[in-house]
Amino acid sequence: MADEGKLTLYSYWRSSCAHRTRIVLNLKGLKYEYKAVNLLKGEQLDPEYEKINPMKYVPALLDGDTLIADSFAIALYLEDKYPEKPLLPQDLKEKALNLQIGSIVCSSIQPLHNLVVLNYIEQKLGSEEKNTWFINQLNRGLAALEKLLNGCAGKYATGDEIRLADAFLASQIYVAVKRMQMDISSYPTLTRLYQAYEEIPEFQAALPENQPDAPSSS
Ligand SMILES: N[C@@H](CCC(=O)N[C@@H](CS)C(=O)NCC(=O)O)C(=O)O
């Protein structure tokens, strides 16, 4: 029988897709059980896990008997199910910008540096080419996001409230700053937003290094 009301998140500490899902869960004030799927050990390829996510990726969220395996779909599901702390604004233009930013991160930036892609490039061309590709794709994505947010005067990406776009931006900028040690000062809006996110408890709790499966030195 389905465990009503219990949320389980299949996650990996360093996964940016899981990172943004944790931010959304925290912003919604939802408690969840954390189930680690070690991507470097290939646990996502286990046939048992494939039943949870046929793409063999994290994250996946189990809510009672509802299983959702995609960070964007999870965010929209949680938004519909738990509307009390809305992450999508009523204003259509602002809402569209939130969806656009989420979609860009999900479909035009992160897939280009997914583990399966990086491993393939490394195998074929070596680790230097892999890192060059990674950083180039991050720069391409961050430049587009910076342009899109040009003139954004609010505290957060789309105004003075924390919204869906902020969860997606925080996880993506983190990859550039913390994982790839990139200097993002040429993206002043993204830099300002990233600093703002560092102060928010729900974002802090979702950080990769604060997850139960993070190595102690991270
Ligand atoms: N569109 C999916 C993409 C999920 C995804 O690519 N997850 C990565 C981690 S961020 C993964 O599990 N990669 C495992 C692999 O490449 O083998 C989402 O946003 O959830």
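Residues numbered from 1 in each chain as written. Predicted model: local features only at pLDDT ≥ 70, side-chain atom pairs only at ≥ 80, totals over all residues. Heavy atoms only, no water.

- An unreviewed UniProt entry annotates the protein chain as glutathione transferase originating from Rhynchospora pubera.
- Turning to the protein chain, the UniProt record has this under Catalytic activity (unreviewed entry): "RX + glutathione = an S-substituted glutathione + a halide anion + H(+)".
- Under Sequence similarities (unreviewed entry), UniProt gives the following word-for-word description of the protein chain: "Belongs to the GST superfamily. Zeta family." (UniProt positions renumbered as here; feature names shortened; annotations may be inferred.)

## Structural notes on the pattern of salt bridges
Now for step 1: Under the defined criterion, the tally for this structure stands at 5 salt bridges.
Now for step 2: A salt bridge links K28 to E79, with the nearest nitrogen and oxygen atoms 2.6 Å apart. With K28 in the loop between α1 (16–27) and β2 (33–36) and E79 in helix α3 (residues 71–81), this pair connects stretches of sequence that are 51 residues apart.
Now for step 3: Look at E79 and you get buried, because its relative accessible area is 10%.
Now for step 4: Here K81 and D63 are joined by a salt bridge, their closest N and O atoms 2.8 Å apart. With K81 in helix α3 and D63 in strand β3 (residues 60–63), this pair connects stretches of sequence that are 18 residues apart.
Now for step 5: K81 sits in the partly exposed class, given a relative accessible area of 37%. (Salt bridge = Lys/Arg side-chain N within 4 Å of Asp/Glu carboxyl O. Helix = DSSP H or I, 4+ residues; strand = E, 2+ residues; numbered from the N terminus. Buried < 20%, exposed > 50% of the residue type's maximum accessible area, 1.4 Å probe, protein only.)

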